[in-house]
Amino acid sequence: MTNQDVVVSEMGIAAGSALPGPSPALLACRGAAAGAMSLRYLDLAAAAARSAAGCTWADAMRASSPTRSSSRAADDADEFTAWMRKHPSALGKFEQIVAGASGGKKIVMFLDYDGTLSPIVADPDAAYMSDAMRAAVRDVAKHFPTAIVSGRCRDKVRNFVGLSELYYAGSHGMDIKGPSSNPESVLCQPASEFLPVIDEVYKLLVEKTKSTPGAKVENNKFCLSVHFRCVDEKRWNALAEQVKAVIKDYPKLKLTQGRKVLEIRPSIMWDKGKALEFLLESLGFANCSDVLPVYIGDDRTDEDAFKVLRKRGQGIGILVSKCPKETNASYSLQDPSEVMDFLLRLVDWKRKSPPPPMIRPRV
Ligand SMILES: O=P(O)(O)OC[C@H]1O[C@H](O[C@H]2O[C@H](CO)[C@@H](O)[C@H](O)[C@H]2O)[C@H](O)[C@@H](O)[C@@H]1O
């Protein structure tokens, strides 16, 4: 993040940091693996509930990434209007949002990548963000500490974004690193012991799914994605069964679901919400009322971060969605182009804001 000199190594927080010794966030990062089994059971319980309700993974996946025609056109506009009343546009409520930063509160920006900064496309390797979006993010980072929080492998999302001055939290927050001007600043890799097993499962999944046309397995370093987007819907259930058959032999891994994707992750107590808390604390904003975290994301995994903001009673969660979705976010934006408008407005507002009053030392 710009204008920050926080340097956290795996050994603790080094010189220049606002926090002495291993911070609570760093300790949480190290201890994340301890909750592995309990989370696995939670996940299985959710799957059992889903199946009791007659819902398959495929049904859930369809609902998580509805297309305009299968939702807005066919659906009832009243439902959307009611949802928008509960989660109003962050552009429409811009003044209300920035009023939360009054009194010199520092805004910290957290941005998801796919579906937030880049449009959803069929080929995950071609999810480029526009130059205009890149310029907007660069401008935001000049004024506010800024982090990209993604399910992608950190290096991959870093290459897509192409800005060295940001913090990057890849693999759903399991791989956090600061700006590249600080090459030593590896902050947090709570799932490093899972690397060999993730590699092993990657190979098994590639083998197992190769007979399904359109299926693609993506290695995100500390987690894996099995993509359904280019698979005929008739084959979705069979593909989900293949994936489940592979991971049943790995009790320390869990299966979660995103936008036409099944994700295989270590069952540790770590997610995008924990990554947000870790970054805030690393920046010296732990238990601090002088900060306004703003998190923008479009996916289920972003809900973990929205929940954290709700629990803290601090910050702004913004869901990117064109249709009603169950969410812990307070506001909404429809698509990446609205996200860009919001970022540009934030920069403009900051440029026009008067500087905080100087406190003159008494002589
Ligand atoms: O946390 P995110 O940055 O939103 O990453 C979540 C997943 O994003 C990518 O998949 C999604 O976007 C693809 C490109 O638009 C699309 O083809 C796919 O259907 C979406 O699910 C990424 O490829 C996954 O690895 C991430 O887990």
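Parameters and conventions
- Residues numbered from 1 in each chain as written.
- Predicted model: local features only at pLDDT ≥ 70, side-chain atom pairs only at ≥ 80, totals over all residues.
- Heavy atoms only, no water.
- UniProt positions renumbered as here; feature names shortened; annotations may be inferred.
- Disulfide = S-S within 2.5 Å.
- Salt bridge = Lys/Arg side-chain N within 4 Å of Asp/Glu carboxyl O.
- Helix = DSSP H or I, 4+ residues; strand = E, 2+ residues; numbered from the N terminus.
- Buried < 20%, exposed > 50% of the residue type's maximum accessible area, 1.4 Å probe, protein only.
- Pairing = 2+ DSSP bridges.
- Right-handed = clockwise from strand over helix to strand, strands pointing away.
- Axes fitted to C-alpha atoms, helices over the stretch in contact; angles between N-to-C directions.
- Left-handed = near helix turned anticlockwise from the far one by under 90°.
- Contact = heavy atoms within 4.5 Å.
- Nonpolar A, V, L, I, M, F, W, Y, C, P; charged D, E, K, R; others polar.

As annotated in an unreviewed UniProt entry, the protein carries the name Trehalose 6-phosphate phosphatase and is attributed to Urochloa decumbens. The record held by UniProt for the protein lists under Cofactor (unreviewed entry) the comment "a divalent metal cation". UniProt's Sequence similarities (unreviewed entry) comment on the protein is quoted here verbatim: "Belongs to the trehalose phosphatase family."

Remarks on the state of the cysteines
Here the structure, examined in full by the defined rule, presents zero disulfides. For C230, which is in no disulfide, the shortest distance to another cysteine sulfur is to C223 and amounts to 20 Å.

Describing the pattern of salt bridges
A complete count under the given rule lists 19 salt bridges for this structure. Note that K142 and D139 form a salt bridge whose closest N and O atoms lie 3.2 Å from each other. Of this pair, K142 and D139 both sit in helix α7 (residues 131–143), three residues apart, roughly one helical turn. Exposure remark for D139: the relative accessible area of 18% places this residue in the buried category. Linking D155 and R154 is a salt bridge whose minimum nitrogen-to-oxygen distance equals 3.7 Å. For D155, a relative accessible area of 46% translates into the label partly exposed. The class of R154 is buried, set by a relative accessible area of 12%. Look at the salt bridges and you will find they share partners, linking D114, D125, R152, K156, K216 and E218 into a network.

As for the pairing of strand β3 (residues 106–111)
Across the six residues of β3, five count as buried, placing the element largely inside the fold. Taken together, the three bridges between β3 and strand β4 (residues 146–149) define a ladder with parallel strand orientation. Across the sheet, the residue bridging to F110 is A147, located in β4. Handedness of the crossover joining β3 and β4 through α7 is recorded here as right-handed.

Quick word on the packing of helix α9 (residues 195–209) against helix α10 (residues 236–247)
To characterise two packed helices, one gives the angle between the axes of the helices and the distance between these axes. The interhelical angle for the contact between α9 and α10, taken along N-to-C directions, is 145°, at an axis separation of 10 Å. The two elements α9 and α10 meet at a crossing, and its hand is right-handed. Note on element contacts: α10 touches α9 through L239, Q242, V243, V246 and I247, opposite V201, L204, L205, K208 and T209. The residue makeup of the contact of α9 with α10, split by class, is seven nonpolar, two polar and one charged.

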